[in-house]
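# Geometric and topological summary
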Amino acid sequence: MTRLTTLAVLLAGASAFALPVTAKTFNLAFTPPLESHYGDAGKAFKTKIEELSGGDIEIALKPAGALGGERDVIEGLQIGTVELTISSTGPIGNFVPQVYALDFPFLFKDYASAHAVLDGEIGQEILADFEPAGLVGLAWAENGFRHITDSKHPIRTPDDLKGIKLRTMENEVHIAAFKALGAAPTPMSWTEVLTSLQQGTIDGQENPVPIITANNMWEIQKYASLTGHVYSPAAVVISKITWDELSPEEQGWMKEAAKAAAEASRATVAKNETAGVEKMIANGMEVVTDIDKAAFAAAVQPVYDEYAPKYSPELIQRIRDAQK
Ligand code: EAX
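Here goes a summary of the coordinates provided.

What counts and how
Residues numbered from 1 in each chain as written. Predicted model: local features only at pLDDT ≥ 70, side-chain atom pairs only at ≥ 80, totals over all residues. Heavy atoms only, no water. Buried < 20%, exposed > 50% of the residue type's maximum accessible area, 1.4 Å probe, protein only. Helix = DSSP H or I, 4+ residues; strand = E, 2+ residues; numbered from the N terminus. Pairing = 2+ DSSP bridges. Core = buried A, V, L, I, M, F, W, Y, C linked by side-chain atoms within 4.5 Å. Contact = heavy atoms within 4.5 Å. Axes fitted to C-alpha atoms, helices over the stretch in contact; angles between N-to-C directions. Parallel < 35°, antiparallel > 145°, perpendicular 65-115°, else oblique. Left-handed = near helix turned anticlockwise from the far one by under 90°. Polar contact = N/O pair within 3.5 Å; in protein donor to acceptor, adjacent residues only side chain to side chain.

## What to know about the pairing of strand β7 (residues 204-207)
Residue alternation in β7 divides its side chains into two sets, Gly 204 and Glu 206 and Gln 205 and Asn 207, and both sets are buried. In the sheet, strand β4 (residues 135-150) pairs with β7 via four bridges, with the strands oriented antiparallel. Its bridge partner being in β7, Ile 148 is matched across the sheet by Glu 206.

This is how it looks when you write it as structure tokens:
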């Protein structure tokens, strides 16, 4: 056997025993179904990171609350049992107080203004505030402007909310706002909402159109009132424990993948602004658009007076000024 053949045989043999490089697999959890704006964001994240890493990093998507509600998952990131999430800001204020500033009612004028603020200096500053909580904010994805659905009657003015048992996120600004509007706010994780509506323990909830359509909410809610009372960002977040184990190159990939996720969610939200409402009507929901927004905005002013001082009033004023 020639020396060359011998070498080839040896190399073939050696490679047969070489340990395969096992891919790192990270869970990416979110509460909406896979077929949703969060699911599109998760798929975009997965595609981008697996492409950039050549398959060395794999993403296991965990939709529909598979790993728990948003608050549970954020706690999982803090202790490293979950690596990644796309989460509405709703519960994040409990961990990163400055995030509450983004959740004030009637703060953002429209989608373009919200994107400009979040992708600019203010939004990037707030993402940096995640770190002391053991979280790394990678990018701002999008949940959308929130609307009210319920099983009792259309909600055109604050008076229509009187006595409505309305589920809210676990967010003290939202709870205060709906109390000020005369509703009976019931904070709970999204994972309990559909059952609670089916059982009638609550009358309604509030969420953007893509959440309403992704969950076929016409099956359990008759009315949709397009109040647009809060713009709801969604944060793409990685556990700091996971982050610190990544190389600088891998960290760069995570940021690129989060940007792709953010863009995908915004594209799906934009599509749903019209198509989603049409789907709700086609499935029998009574969709109400003649909302007295001025009355709603006036009724929630006390919430600003009480809570803005708690969460950097300058930040809220900066957000307002950035939209002029
Ligand atoms: O993040 O809890 C909520 O209402 C959120 O909007 C939903 O889980 C998507």
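## Quick look at the nonpolar core
Grouped together as the largest cluster of nonpolar side chains are 54 residues, with contacts concentrated most on Phe 104, Phe 108, Phe 130, Leu 135 and Leu 161. Sequence-distant contacts of Phe 108, defined by excluding residues within four places in its chain, comprise Leu 102, Ala 114, Val 117, Phe 145, Tyr 231, Ile 319 and Gln 323. With 26 residues, the next largest nonpolar core counts Phe 30, Ile 57, Ile 238 and Leu 246 among its residues.

## Some thoughts on the packing of helix α2 (residues 37-52) against helix α10 (residues 248-282)
Close contact between α2 and α10 brings their axes to 7 Å; oriented N to C, the two are set at 150°. On the basis of the axis angle, α2 is roughly antiparallel to α10. Crossing handedness for the pair α2 and α10: right-handed. Side by side, α2 and α10 meet where His 37, Asp 40, Ala 41, Ala 44, Phe 45, Lys 48, Ile 49 and Leu 52 of the first sit next to Trp 253, Met 254, Glu 256, Ala 257, Ala 258, Ala 260, Ala 261, Ala 264, Ser 265, Thr 268 and Val 269 of the second.

## Topic: the side chain of Gln 323
Along the chain, Gln 323 falls in the segment after α13 (313-321). Judged by its relative accessible area of 7%, Gln 323 falls in the buried class. Of note is the side chain of Gln 323, whose polar atom sits 3.0 Å from the backbone oxygen of Leu 107. At 3.1 Å, the side chain of Gln 323 and the backbone oxygen of Ile 319 are in polar contact. If we ignore the near neighbours within four places in the chain, the residues touching Gln 323 are Leu 107, Phe 108, Lys 109, Ser 113 and Val 117.

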